[in-house]
Amino acid sequence: SSISMNAMDLKPTRFRVAQETAARFVRVVMTALHNNPKLLRCTRQSLFNAAMLAAQDGLLPDGRDGAIVPYNEDAESGAASETARWMPMKRGARQ
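About the thresholds
Per chain, residues are indexed from 1 in the order of the written sequence. With pLDDT at 70 or above as the cut-off, local features in this predicted model cover only qualifying residues; side-chain atom pairs require 80 or more to be listed or tallied, and sums for whole chains, interfaces and linings still use all residues. No hydrogens and no water enter the side-chain calculation; it runs on all heavy atoms of the structure. Secondary structure follows DSSP: runs of H or I at least 4 residues long count as helices, runs of E at least 2 residues long count as strands, and numbering of each begins at the N terminus. Here, residues are in contact when the closest pair of their heavy atoms is within 4.5 Å. Per-residue and other accessible areas were derived by the Shrake-Rupley procedure at a 1.4 Å probe size, with only the shown protein chains allowed to occlude residues. One speaks of a salt bridge when a side-chain nitrogen belonging to Lys or Arg is within 4 Å of a carboxyl oxygen belonging to Asp or Glu. Exposure classes here rest on a 1.4 Å probe applied to the protein chains alone. A residue is buried below 20% of its type maximum, exposed above 50%, and partly exposed in between. Expected span of a helix: the number of residues minus one, times 1.5 Å. Directions are taken from the helix axis to each C-beta atom, and the arc is the one they span.

A. Structural context of the overall build of the protein. Helix and strand counts for the protein stand at three helices and two strands. Put simply, the protein runs from its N terminus to its C terminus through helices and strands in the order α-α-β-β-α. Pairs at least 24 apart in sequence give 53% of the contacts found in the protein among residues at least 6 apart. When the accessible surface of the protein is totalled, it reaches about 7200 Å², and 58% of it is carbon and sulfur.

If you want it as structure tokens, here you go:
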């Protein structure tokens with residue numbers, strides 16, 4: 001009976017840790033946008049996709065684990081279509 005009580009006690013802690021981790025991830029993404037205003041010209045979908053790839057890799061886009069960088073896909077055609085790309089870095093790849 002006490003074993004199941006202890007297991008129940010762990011669930012809120014895990015949930016709280018997950019919430020704190022998600023909140024930290026969002027803050028890091030917002031900081032990346034603030035530090036690189038060119039990212040604001042990228043499509044929303046590409047920003048979302050880049051952030052999701054970082055989260056799937058379990059890394060932060062903080063410039064150490066990896067970075068979200070703007071990329072002009074249609075430079076040769078003259079169309080201004082910037083996309084954001086997730087670029088894991090060497091430190092992040094080792095984790």
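B. How the structure looks around the environment of A67. Relative to the helices and strands, A67 is located in strand β1 (residues 66-72). Counting along the chain gives 18 residues from A67 to R85, while the straight-line C-alpha distance between them is 8.1 Å. With residues up to four places along the chain from it excluded, the contact list for A67 reads P61, R85, W86, M87 and M89.

C. Structural context of the side chain of E82. Position of E82 among the secondary structure elements: in strand β2 (residues 82-88). Here E82 is in contact with K38, R41, C42, T43, S46, P70, Y71 and N72, once residues within four sequence places are set aside.

D. Local environment of the pattern of salt bridges. Throughout the structure, instances matching the rule amount to two salt bridges. Measuring nitrogen to oxygen at the nearest pair gives 4.0 Å for the salt bridge that ties E82 to R41. Here the residue E82 occupies a position in strand β2, and R41 occupies one in the loop between α1 (2-35) and α2 (44-57), the gap between them amounting to 41 residues. Owing to a relative accessible area of 19%, E82 belongs among the buried residues under this scheme. Taking relative accessible area as the criterion, R41 reaches 55% and is therefore assigned exposed. Close ionic contact of R64 with D62 constitutes a salt bridge, the shortest N to O distance being 3.3 Å.

E. Examining the side chain of S46 more closely. Relative to the assigned elements, S46 resides in helix α2. Setting aside its immediate chain neighbours within four residues, S46 contacts E82, T83 and A84.

F. Looking closely at α2. An ideal rise of 1.5 Å per residue puts 20 Å on 14 residues; α2 measures up with 20 Å between its terminal C-alpha atoms. Those residues of α2 lying buried are S46, L47, A50, A51 and A54. The buried residues of α2 occupy an angular sector of 135° when projected down its axis, which confines them to one face. In α2, those exposed residues whose orientation departs by more than 90 degrees from the buried face are R44 and Q56. Downstream of α2 by one or two residues, G58 has phi in the positive range, about 75°.

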